[in-house]
Amino acid sequence: MDSDLFSRRRAARFAQLLDEANGGRRHHVRSRADDQLTAFVAVGQRLVAERPDVEVDTEFRAGLRAMLMATAEREGVGAVEPATDVPQGTSRTPLLGGAGARRARARGAILVGIAVGAVAVSGISAASEDAVPGDALYGMKRSTERAQLALASSDISRGQLFLDFARTRLDEAATVRADVTGFSAVLDDMDADTRQGIRLLTTSAAQHADPAALDAVNTFVTGQRRAVSGLLGRASHAERERTRHSLALLDAIRKRSDALRAAIACGLPSPVTSDALGPAPATCPSDR
């Protein structure tokens, strides 16, 4: 995702998606930003439909208003287009009016997009923080996570977010463990988030020959393994088997992290092969 999150082109497409989501005329076009913008549209619809009963912090409300007002002034939202002399008998006036309306609409979409993104990752999402699979607000919780990923500024930030989500899935698994099917599904999501986060962090470490990202990996594995092991107590045979699968993944991650750290330390080039856990380094000559 580029740094200009709500550029004019994105804003115009976002306005179209909002129209379509609200029953407006469909625009038979697609853009590369559709997947990202659709996540924001979904968050906005959920916020309107479910209206969680949460009191937004006064300081946040004031800050959001100031940000929106500043953006409105910068983008000219609400400004009147200057009149132009148009010869009588021409059809230029309605065309200019339509173009001006589209520009104003696109600028308005910028504000809507900023508001949706800001609200989704702030106090309003608190209503869904404790939601678990099956709860009415669980979909909003996952939509909020997708919005956070879309707003992340780097692969390292996204990787750390995925690991945070994996920790969240673990908390959910402890809550739904009475449902064997639900328990397994949540652990599947946890492992998927874990792999995504680890792949981003190990790739960054290998590309920059910097083991700093691996420190975050090892810290996660240590804490997560201890917490996952706690699920083995008073568990059924099926739950124990599924939990051991997640523990095996964490052990594999620790081995990958240690191998990458050793490869960086001995100056090996960035690995050319990779798998679900990221780059697969060669063994240092002294270790063979």
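That block above? That's the structure.
Below you will find a few notes about this structure. (Residues numbered from 1 in each chain as written. Predicted model: local features only at pLDDT ≥ 70, side-chain atom pairs only at ≥ 80, totals over all residues. Heavy atoms only, no water.)

1. A closer look at the packing of helix 5 (residues 138-151) against helix 6 (residues 155-175)
Where helix 5 meets helix 6, the axes come as close as 10 Å, and the angle between the chain directions of the two elements is 165 degrees. Of the possible angle classes, the one that applies to helix 5 and helix 6 is roughly antiparallel. With respect to the hand of their crossing, helix 5 and helix 6 are arranged in right-handed fashion. Across from Tyr138, Lys141, Arg142, Glu145, Gln148 and Leu149 in helix 5, the residues of helix 6 making contact are Arg158, Leu161, Phe162, Phe165, Thr168, Arg169 and Glu172. (Axes fitted to C-alpha atoms, helices over the stretch in contact; angles between N-to-C directions. Helix = DSSP H or I, 4+ residues; strand = E, 2+ residues; numbered from the N terminus. Parallel < 35°, antiparallel > 145°, perpendicular 65-115°, else oblique. Left-handed = near helix turned anticlockwise from the far one by under 90°. Contact = heavy atoms within 4.5 Å.)

2. A word on the side chain of threonine 194
Turning to its location among the elements, threonine 194 is positioned in helix 7 (residues 180-208). By relative accessible area, threonine 194 is classed as buried at 1%. Contacts of threonine 194, omitting those with residues within four sequence positions, involve Leu163, Ala166, Phe220, Leu249, Leu250 and Ile253. (Buried < 20%, exposed > 50% of the residue type's maximum accessible area, 1.4 Å probe, protein only.)

3. Topic: the side chain of serine 246
Within the secondary structure, serine 246 sits in helix 9 (residues 237-265). The contact partners of serine 246, leaving out residues within four places of it in the chain, are Leu187, Met190, Asp191 and Val228.

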